[in-house]
Amino acid sequence: MTLLPSSPTPRKLGLVIDLDVCVGCHACVISCKEWNTGGYGAALSDQDPYGADVSGTFLNRIHTFEVLPEGGQVIGEAGEARIVHFPKSCLHCEDAPCVTVCPTGASYKRAEDGIVLVDESKCIGCGLCAWSCAYGAREMDLAAGVMKKCTLCVDRVYNETLKEVDRIPSCVRTCPANARHYGDLGDPGSDVSRMVAERGGYDLMPEQGTRPTNKYLPPRARKPLAASAGSAVLAENTDGAKGFFAWLDGMLDRI
């Protein structure tokens, strides 16, 4: 059995993910795959990538759900349906069962910043850590025979050869919607901690008692489409239109 740090880590590096603005583009997934395949540890392998039974190892995945509106029994019954894209990777839990269950010490939690990592030279591929993870955040690399997980891009965030703007996880640097944020969640004054406090950020599955470092920001309440339908009034009289709009008006008249 592997021990967790004996005292709380001075820093709690992690991610804050805004479910309100994530568009499910998978840019973070591809960026993570590319960076980790060419960087820390062994490459993330794919099996039969162009065949009928494709599989592969990813450290970050996006799950997409259609949300049932409050008060409705059927999608769309009590309001417009809503799609929520849910990114999921290792949450770098404070009480990480994947660490304590590891028989070789391959899974460990860093005492200086709370990042949970796997020492691939010690991993025997037993899979105990994956079974113990409540979030399904670990994946067996079939080619390497070892367990893989999000490293929080530890080889980027401390790499002084990179420009400061790039010393953040690859997924955060890539996100086009600004849905992913990185920082020290152990510092109440950090940008990510203030964001969690202001938006009501929450733990994923808190009943598991793992105390994940990563937080999620809930989707904001939406204004019903019917309430805003009357605000967009189309102009019926196009007299005086100029330039492109005059040309477009003429073309539409011919239809």
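Quantities reported herein were computed from a predicted structural model and do not represent experimental measurements.

About the thresholds
- Residues numbered from 1 in each chain as written.
- Predicted model: local features only at pLDDT ≥ 70, side-chain atom pairs only at ≥ 80, totals over all residues.
- Heavy atoms only, no water.
- Helix = DSSP H or I, 4+ residues; strand = E, 2+ residues; numbered from the N terminus.
- Expected span 1.5 Å × (residues − 1).
- Buried < 20%, exposed > 50% of the residue type's maximum accessible area, 1.4 Å probe, protein only.
- Contact = heavy atoms within 4.5 Å.
- Lys, Arg positive; Asp, Glu negative; His and termini not counted.
- Salt bridge = Lys/Arg side-chain N within 4 Å of Asp/Glu carboxyl O.
- Polar contact = N/O pair within 3.5 Å; in protein donor to acceptor, adjacent residues only side chain to side chain.
- Arc of directions from axis to C-beta.

Caption draft 1: Structural detail: helix α1 (residues 27–38). In this model α1 runs 17 Å from its N-terminal to its C-terminal C-alpha over twelve residues, within 8% of the 16 Å that 1.5 Å per residue would give. For α1, every residue scored as buried is listed here: C28, V29, S31, C32, K33 and N36. Buried residues belonging to α1 abut β2 (46–47), β4 (61–67), α5 (170–174) and β10 (180–184).

Caption draft 2: Looking closely at the side chain of D184. Looking at the secondary structure, you find D184 in strand β10. Of the side chains with opposite charge, R11 lies nearest to the buried D184, which makes no salt bridge, at 4.1 Å. At 2.9 Å, the side chain of D184 forms a polar contact with the backbone nitrogen of G186. Setting aside residues up to four positions removed in sequence, D184 forms contacts with P10, R11, K12, L13, S190, V192 and S193.

Caption draft 3: Structural context of helix α6 (residues 191–199). Within α6 the residues assigned to the buried category are V192, S193, M195, V196 and R199. In a view along the axis of α6, the buried residues occupy a sector of 160 degrees, so they form one face of it. For α6, the exposed residues lying more than 90 degrees away from the buried face are D191, A197 and E198. Turning to α6, the residues buried within the fold contact β1 (13–18), β10 and β11 (215–217). Taken from the residues just after α6, G200 is the one with a positive phi, measuring 70 degrees.

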